[in-house]
Amino acid sequence: MATMISNVGLAQADFQLAAPLKDRRIVVAMSGGVDSSVVAALAARSGAEVIGVTLQLYDHGAKAKRVGACCAGQDIRDARAVADRLGFAHHVYDHESRFRDTVIDQFADEYLAGRTPIPCVRCNMGVKFTDLFALARELGADCLATGHYVRRMIGPNGAELHRAVDPARDQSYFLFATTQAQLDFLRFPLGGLEKSVVREIARELGLGVAGKPDSQDICFVPDGDYATLVRKLRPEADDQGEIVHVDGTVLGAHKGLIHYTVGQRRGIDIGGQAEPLYVVRLDAAAKQVIVGPRRALAVAAARLGEANWLGNVDDRTVLAKVRSMARPVPARVVGDRLIFAAPEFGVAPGQAAVLYDAADASRVLGGGWIEETFAADAT
């Protein structure tokens, strides 16, 4: 199996550094999971000097022992064990307060504002890429390598961000905010590998994390109960209010905005309607949940904020993905507006609109945060 590791793992896990690699230094972001551990192992086998870095992002209480957590107690120990086995240095940095301020508190504030947040992107934008980027530079690294499933490819104008080979593992939607400067320094050696190959490499190297479950999307939320966390941080987010039909009719009362998202059908608990009701939007100021038939969800355009572009999007058709599991659809960008070629459904403020190249659907052109939506003609 050593042959499999060298021929498949090393051949496809390209760190894109100038030879000789023995003169290069690779800093690996290690979360304690199988993916970043295999990246570290492949980096060590390349002959480069390797330094592992782990950020402690939250407390060592109940969350630290939960299966599927990351960047806390047991995960830090797992990362250190991998570094010890492979024989390279490993450093742990406490970024708990910054993570709380820039990710957890913002997560709660977004729900309070009636938006649907994506904390994974905020984490990548802040503590994971920005902070790790600075740490890797301070350590004299030639690159920072992570276990994300995306590909960094060299195009005619420099480094490009592309989808992973394994579509079930692709994380490009969550990395749209990666800047060009970061992309120039980052490496994603797992983007060309299937997840099954990654686990096989870990097993063959005898890494204790080979069978470790993947981390959950929201790592800091115990048992996936985000409402309890938001309620604890922002008690007013649980205030009750009215459920209002798009025609202005008050239909009943809701149990708090944190329990609803745009496009939701179940849990509205309003009967006696001619058509099924969906959450169309959330009015945080009025504490109202606005509902209506599915056609009321149709959106013609969205206003984007905090846009980050990795390629030209002007005067061209792009493919827009408005949710992590959504199908990319044709659209175009005019100023800060994303205009869909056909009405799109379930477009929620707080989510990201990630744009891909229509001529090469694997290439990420960038994206932005959905700040506002504009309804399509429902007639």
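Relevant structure appears above.
Residues numbered from 1 in each chain as written. Predicted model: local features only at pLDDT ≥ 70, side-chain atom pairs only at ≥ 80, totals over all residues. Heavy atoms only, no water.

Caption draft 1: Main features of the pairing of strand 1 (residues 25–29). Most of strand 1 sits inside the fold, with four of its five residues counted as buried. Both strand 1 and strand 2 (residues 49–56) contribute to a ladder of five bridges, which runs parallel. The partner of Val 27 across the bridge, within strand 2, is Ile 51. The pairing of strand 1 with strand 4 (residues 143–145) spans three bridges and is classified as parallel. For Ile 26, the partnering residue across the bridge sits in strand 4 and is Cys 143. (Buried < 20%, exposed > 50% of the residue type's maximum accessible area, 1.4 Å probe, protein only. Helix = DSSP H or I, 4+ residues; strand = E, 2+ residues; numbered from the N terminus. Pairing = 2+ DSSP bridges.)

Caption draft 2: Here's a closer look at the pattern of salt bridges. One pass over the structure, following the stated rule, counts 22 salt bridges. Across the pair Arg 231 and Asp 238 runs a salt bridge, and its minimum N-O distance is 2.7 Å. On the accessibility criterion, Arg 231 (29% relative accessible area) is partly exposed. In this structure, Glu 372 and Arg 303 form a salt bridge, with 3.0 Å as the shortest nitrogen-oxygen distance. Of this pair, Glu 372 sits in strand 17 (residues 360–375) while Arg 303 sits in strand 12 (residues 299–309); the two residues are 69 residues apart in sequence, bridging distant segments of the chain. (Salt bridge = Lys/Arg side-chain N within 4 Å of Asp/Glu carboxyl O.)

Caption draft 3: Representation of helix 8 (residues 195–204) within the structure. Every buried residue of helix 8 is listed here: Lys 195, Val 197, Val 198, Arg 199, Ile 201 and Ala 202. Of the residues one or two after helix 8, Gly 206 is the one with positive phi, at around 70°.

Caption draft 4: Region of the structure containing the packing of aromatic side chains. Summed over all chains, the structure comprises eight aromatic pairs. Judged by centre distance (5.0 Å) and plane angle (15°), the rings of Tyr 111 and Tyr 226 are stacked. You can see Tyr 111 sitting in helix 5 (residues 96–112) and its partner Tyr 226 sitting in helix 9 (residues 226–233), a full 115 residues away along the chain. Both rings, one in Tyr 173 and one in Phe 174, keep their centres 5.4 Å apart while their planes meet at 85°; by these two values the pair is edge-to-face. Of the two residues, Tyr 173 and Phe 174, both sit in the buried class. One aromatic cluster is present, formed by Phe 99, Phe 107, Tyr 111, Phe 220 and Tyr 226 through successive ring pairs. When the ring centre of Phe 185 is taken as origin, the NZ or CZ atom of Arg 137, which lies over that ring, is 4.0 Å away. Over the ring of Phe 345 we find Arg 294, and its NZ or CZ is 4.0 Å from the ring centre. (Phe/Tyr/Trp six-rings, centres within 6.5 Å; stacked < 30°, edge-to-face > 60°. Lys NZ or Arg CZ within 6 Å of the ring centre and 35° of its normal.)

Caption draft 5: Structural view of unusual backbone geometry. The omega torsion of the bond from Ala 19 to Pro 20 falls at 0°, within 30 degrees of zero and hence cis. The topology assignment puts Pro 20 in the loop between helix 1 (2–12) and strand 1. Positioned with a positive phi, Gln 16 is a non-glycine residue whose angle comes to about 50°. For Gln 16, the position within the fold is in the loop between helix 1 and strand 1.

Caption draft 6: Highlighting the environment of Arg 163. Here Arg 163 shows up in strand 6 (residues 158–163). The sequence separation of Arg 163 and Arg 295 amounts to 132 residues, and the corresponding C-alpha distance is 32 Å. The residues touching Arg 163, leaving out its near neighbours within four places in the chain, are Val 150, Arg 151, Asp 170, Ser 172, Lys 321, Pro 328, Tyr 356, Ala 361 and Ser 362. (Contact = heavy atoms within 4.5 Å.)

Caption draft 7: Expanded view of the sheet that holds strand 10 (residues 278–283). On the basis of which strands lie adjacent, the open sheet formed by four strands has the order 9-8-11-10 and mixed pairing. One side of each edge strand has no neighbouring strand; the edge strands of this open sheet are strand 9 (250–254) and strand 10. The mean angle between the axes of side-by-side strands here comes to 30°, regardless of whether they run parallel or antiparallel. For strand 8 (residues 241–245) and strand 9, the ladder comprises four bridges, and the chain directions are antiparallel. Looking at the pairing, Glu 242 lines up with Ala 253 of strand 9. (Axes fitted to C-alpha atoms, helices over the stretch in contact; angles between N-to-C directions.)

Caption draft 8: Region of the structure containing helix 2 (residues 34–45). With twelve residues, helix 2 should reach 16 Å at 1.5 Å per residue; the first-to-last C-alpha distance of 16 Å fits that figure. Of all twelve residues making up helix 2, ten are buried, and the element is well covered by its neighbours. Where helix 2 is concerned, the buried positions are Val 34, Asp 35, Ser 36, Ser 37, Val 38, Val 39, Ala 40, Ala 41, Leu 42 and Ala 43. Where helix 2 ends, the next residue or the one after it, Gly 47, has phi of about 100°, a positive value. (Expected span 1.5 Å × (residues − 1).)

By themselves, these observations are geometric and do not establish any function.
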